[in-house]
Amino acid sequence: MLNLSEINEWKENGYCLIKNLIDINLMNNCIKFVNNRFYDEKTASKDFGSNGEFDFPSGKIIDYLTINENIIKCIKQLLSNENILLIQSDAWGKAGSINKGKYNNQDQRMHMDYGNNTFLHTSEWNNPEAVGMIIYFSDTNITGGQTAIVPKKNNEDLYKPPYIRMPGYNKYLFYNDKNTTEEYFKKTDINIYNFRNKLYENEFLVNAELGDILFYRLDVWHRGTPVKLGKVRNVMNLLWKKRDCFWINNWNQGWTRKMYYGFIEKFFIELNPEQRSVLGVPEPGHKYWNKKNIQYLNDRYPGIDLEPYLSKL
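Just so it is clear, the model here is predicted, and its values are computed rather than measured.

Reading guide: rules and limits
- Residues numbered from 1 in each chain as written.
- Predicted model: local features only at pLDDT ≥ 70, side-chain atom pairs only at ≥ 80, totals over all residues.
- Heavy atoms only, no water.
- Helix = DSSP H or I, 4+ residues; strand = E, 2+ residues; numbered from the N terminus.
- 1 Å grid on protein atoms, 1.4 Å probe; cavity = no way out; pocket = protein on both sides within 12 Å on 5 of 7 lines; lining within 4 Å.
- Points joined across faces, edges and corners; volume = space filled by probe spheres on them.
- Nonpolar A, V, L, I, M, F, W, Y, C, P; charged D, E, K, R; others polar.
- Core = buried A, V, L, I, M, F, W, Y, C linked by side-chain atoms within 4.5 Å.
- Buried < 20%, exposed > 50% of the residue type's maximum accessible area, 1.4 Å probe, protein only.
- Contact = heavy atoms within 4.5 Å.

Colleague: Even after reading the chapter, I still don't get the environment of L279, so can you show me in this structure?
Modeller: Looking at the secondary structure, you find L279 in the loop between α9 (273–277) and α10 (291–300). Sequence-wise, L279 and N28 are 251 residues apart; in three dimensions their C-alpha atoms are separated by 25 Å.

Written as structure tokens, this is what we have:
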């Protein structure tokens, strides 16, 4: 799904922006759905995420985007690994605002995302453990709110671990707002302040358009920039990991938490084995599957296609 140039861009620079990955009808339906929900400052999210409303599985059209086969194949390419798990999916809207509070996400501080996904430090650069994603339901050239990224290439001096020179790490207090953060470091640690100034000097704005997808790493410097007043920038955030990286935690609540009401069961039946596998279901050929367990699968989900599981016994 990704060409070699795109894969190398992600591996070497920490990100790549992809166009036309998703079937246009599915993407347009998702764009329309989310934009009809978050359309002004009143309806937009107050902070990151939808406060659970559109957490996967939501029973909405965006679930089919989350579990899209093209996305799954891209993640496997980037991680050079067939065994991956979905650990985050949520859609939300960020509105333009004059609010400049110290914890506000309007004009974010430069940061990495690994810190609130694991207790540990991120892995070595050449051994990535996870892939972050932003799917843009807005044209950021119109709305603003672009993602700013510091490419690793030609900025190797800014990518020397340990990555702790940011708020909320080590002994440093947490702030989200850029100006508040940098004033804090100016007063407390001038070396970190000077280092972080270099980050902003070398940031690159990703001018994503409708339907574009940004794949990025948990150890890439990035931040959210201000949305224009009167505009709303709508996106979906996803995160994937290698299956054996158990130290990277799920962001969403468990995928089966909303079972019993029919919509997830119906959705589950429609998925193929590869799509189910990224939710933690063993793939065909796994030792879990025997005739008895396959029969139990059929008992719980009448109408599910058993052939892929039976064929690998």
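Colleague: Even after reading the chapter, I still don't get empty space enclosed by the protein, so can you show me in this structure?
Modeller: Over the atoms rolls a probe the size of a water molecule, and its path tells where empty space is left. Summed over the entire model, instances satisfying the criterion amount to one cavity of 30 Å³ or more. What lines the largest cavity is simply T122, S123, P128, E129, A130, R217, L218, D219 and I248. Within the lining of the largest cavity, the residues separate by chemical class into four nonpolar, two polar and three charged.

Colleague: Explanation requested: the layout of surface pockets in the structure shown.
Modeller: Empty space within the largest pocket amounts to approximately 650 Å³. In terms of lining, the largest pocket is formed by 37 residues, of which the most central are F48, Q108, H111, D113 and H222. Every element with two or more residues in the lining of the largest pocket is listed here: β2 (84–95), β3 (130–136), β7 (222–224) and β8 (232–242). Of the residues forming the lining of the largest pocket, the biggest block, five residues, is contributed by β8. Classifying every residue of the lining of the largest pocket by side-chain character gives 15 nonpolar, 16 polar and six charged.

Colleague: Can you help me understand the nonpolar core in this one?
Modeller: It is characteristic of soluble globular proteins that their nonpolar side chains tend to be buried jointly. If you look at the biggest cluster of nonpolar residues, it comprises 43 residues, and the most contacted ones within it are I135, F137, F215 and W240. It is helix α4 (residues 69–79) that provides the largest number of residues to this core, a total of six residues. When sequence neighbours within four positions are dropped, the list of residues in contact with I135 reads M27, L65, I71, D212, I213, N234, V235, M236 and L238. Membership of the second largest hydrophobic core comes to 31 residues, among which are W92, I149, L199 and V220.

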